[in-house]
Amino acid sequence: MASDQGTNQSVEKAAAVLNAFLAGQPALRVSDVARHAGLGQSTASRLLATLESCDLVQRDQLSGLYQLGPALITMAGVALNSHPVHREARQRAQNLAAELGLGANVAIRSGATLFYLCNFEGTLAPRSFVLIGQHNPLHATGLGKCLLIGTDAQQRRALLPDLPPYTTSTITDHTALDAAVERAAQRRYATEVEELALGRACIASPILDHTGTVCAALSVSGPLSAIDLDTREAELSRMVIEAADAISTGLGYLGPADRIPSRMQAVR
């Protein structure tokens with residue numbers, strides 16, 4: 001038992017070291033890792049050396065700074081390739097990005113946030129970074145509103161007790177969020193205009209699994225000047241819904257193609 005407990009603690013400490021690199025700085029000193037992980041500097045140094053031997057971190061020989069290693073990219077690729085939503089949605093999202101010139105994103109719900117499985121950028125919506133593996137709030141995104149379809153008002157309040165503002169347009173009231181989710185369920189798509197970031201907008205549609213449960217959502221996004229919902233909402237919503245429906249069919253959903261089932265379970 002004592003040995004098992006020691007092993008568990010070692011794994012937890014190693015995980016804390018790796019998680020230190022998620023705080024925003026890609027390259028860290030040993031002292032930075034120790035501070036983020038809540039460890040002594042000598043313990044952090046030993047763990048980094050072990051992780052480096054496994055290619056889970058790598059150390060720059062000139063600066064002495066550590067960053068995440070290539071083995072994690074291999075693991076991430078295996079995890080993505082084994083995810084059924086990613087496998088089914090990847091090509092369709094990529095096609096949307098190429099056809100529209102906008103960003104195309106696929107996300108699932110992870111607790112009280114959304115988690116990006118796919119992210120492709122079109123020529124009109126370039127980014128200097130990828131969204132895959134990142135989290136965003138549910139209440140401030142079109143993807144998140146779609147992922148909340150199937151939850152009731154009480155469940156949403158338990159899941160999201162606070163609705164923090166990101167801009168002056170962010171929904172911060174549960175009654176307004178209830179209305180937005182209900183509207184998304186009825187229309188089969190949700191919009192978001194400058195709720196998460198100024199100058200950007202998106203339109204999203206839910207993806208259903210073989211049981212009719214919302215398991216993911218697909219969106220196109222970009223600068224206001226490129227997505228132009230005032231004139232393109234009908235066109236973009238149709239294309240996003242069609243792509244989401246095709247992904248749902250690929251996942252085994254055989255329900256009616258013209259509407260979302262009125263009683264869907266929330267993704268757990």
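Basis of the calculations
Residues numbered from 1 in each chain as written. Predicted model: local features only at pLDDT ≥ 70, side-chain atom pairs only at ≥ 80, totals over all residues. Heavy atoms only, no water. Helix = DSSP H or I, 4+ residues; strand = E, 2+ residues; numbered from the N terminus. Buried < 20%, exposed > 50% of the residue type's maximum accessible area, 1.4 Å probe, protein only. Contact = heavy atoms within 4.5 Å. Areas by Shrake-Rupley, 256 points an atom, 1.4 Å probe, with all protein chains shown as cover. Lys, Arg positive; Asp, Glu negative; His and termini not counted. Charge placed at Lys NZ, Arg CZ, Asp CG, Glu CD. UniProt positions renumbered as here; feature names shortened; annotations may be inferred. Pairing = 2+ DSSP bridges. 1 Å grid on protein atoms, 1.4 Å probe; cavity = no way out; pocket = protein on both sides within 12 Å on 5 of 7 lines; lining within 4 Å. Points joined across faces, edges and corners; volume = space filled by probe spheres on them. Nonpolar A, V, L, I, M, F, W, Y, C, P; charged D, E, K, R; others polar. Core = buried A, V, L, I, M, F, W, Y, C linked by side-chain atoms within 4.5 Å. Disulfide = S-S within 2.5 Å. Salt bridge = Lys/Arg side-chain N within 4 Å of Asp/Glu carboxyl O.

J.: I keep staring at the overall build of the protein and nothing clicks. Help me out?
T.: A tally of helices and strands in the protein yields 10 helices and eight strands. Projected onto the principal axes, the alpha-carbon positions of the protein cover approximately 60 × 45 × 40 Å. Within the protein, the proportion of its 268 residues that are buried is 45%. Of the contacts formed within the protein by residues at least 6 apart in sequence, a portion of 56% connects residues at least 24 apart. Surface accessibility of the protein: about 13700 Å² in total, with carbon and sulfur atoms responsible for 53%. On the protein, the mean spot of the 22 positive side-chain charges and the mean spot of the 25 negative ones are 3 Å from each other.

J.: Help me understand the UniProt feature "domain: HTH iclR-type" (unreviewed entry) in the protein in this model?
T.: In the numbering used here, UniProt assigns the feature "domain: HTH iclR-type" (unreviewed entry) to residues 8-70. Secondary structure across residues 8-70 divides into 54% helix and 10% strand, with the first and last C-alpha atoms of the span separated by 24 Å.

J.: Even after reading the chapter, I still don't get the pairing of strand 8 (residues 214-223), so can you show me in this structure?
T.: Side-chain positions along a regular strand alternate between the two faces of the sheet. Burial within strand 8 is extensive, with nine of its 10 residues counted as buried. Bridging between strand 3 (residues 103-110) and strand 8 involves five bridges; their strand directions are antiparallel. By the bridge assignment for strand 8, Ala-104 is matched with Val-220. Bridge count between strand 7 (residues 200-208) and strand 8: nine bridges; the pairing is antiparallel. Pairing of Arg-200 across the sheet is with Pro-223, part of strand 8. Linking two consecutive strands that pair antiparallel, namely strand 7 and strand 8, is a turn of five residues; a positive phi of about 85° is found at Gly-212 within it.

J.: How do you make sense of the layout of surface pockets when you look at a structure like this?
T.: Where empty space is left in the structure can be found by rolling a water-sized probe over the atoms. Looking at the largest pocket, its volume works out to about 1000 Å³. Only helix 1 (2-19), strand 2 (66-68), helix 4 (70-81) and strand 4 (113-120) provide two or more residues apiece to the lining of the largest pocket. Counting residues per element, the lining of the largest pocket draws most heavily on helix 4, at six residues. Grouping the constituent residues of the lining of the largest pocket by class yields 16 nonpolar, eight polar and no charged.

J.: I would appreciate a short explanation of the nonpolar core in the present structure.
T.: Side chains of a nonpolar character, in soluble globular proteins, are inclined to be buried together. Ranked by internal contacts, the top residues of the largest apolar core, which has 33 residues, are Leu-96, Val-106, Ile-207 and Leu-218. Those elements that provide at least two residues to this core are helix 5 (84-100), strand 3, strand 4, strand 7, strand 8, helix 9 (224-227) and helix 10 (229-250). Among the elements that make up this core, the one with the highest residue count is helix 10 (eight residues). With residues up to four places along the chain from it excluded, the contact list for Leu-96 reads Gly-101, Ala-104, Leu-218, Val-220, Met-239 and Ala-243. Membership of the second largest hydrophobic core comes to 23 residues, among which are Leu-163, Ile-171, Ala-190 and Ala-204.

J.: Explain the state of the cysteines here, please?
T.: Every disulfide links exactly two cysteines, by a covalent bond between their sulfur atoms. Summed over the entire model, instances satisfying the criterion amount to zero disulfides. Of all cysteine sulfurs in the structure, the one in Cys-146 sits closest to Cys-202, which takes part in no disulfide; the separation is 8.3 Å. Taking the relative accessible area as the measure of exposure, Cys-202 reaches 6% and is therefore buried.

J.: Please explain the pattern of salt bridges as it appears in this structure.
T.: Opposite charge on two side chains allows them to pair when their charged atoms are near. One pass over the structure, following the stated rule, counts nine salt bridges. Taking the shortest distance from any N to any O, the salt bridge between Arg-187 and Glu-233 comes out at 3.4 Å. Remark: Glu-233 occurs in helix 10 and Arg-187 occurs in helix 8 (residues 174-187); sequence separation between them is 46 residues. Assessed through its relative accessible area of 31%, Arg-187 is described here as partly exposed. On the basis of relative accessible area, Glu-233 is assigned to the partly exposed category, the value being 24%. Among the salt bridges present, the one from Arg-238 reaches Glu-242, with a minimum N-O distance of 3.6 Å. In this pair, Arg-238 and Glu-242 both sit in helix 10, four residues apart, roughly one turn of the helix. Through salt bridges that share partners, Arg-29, Asp-32 and Arg-35 make up one connected network.

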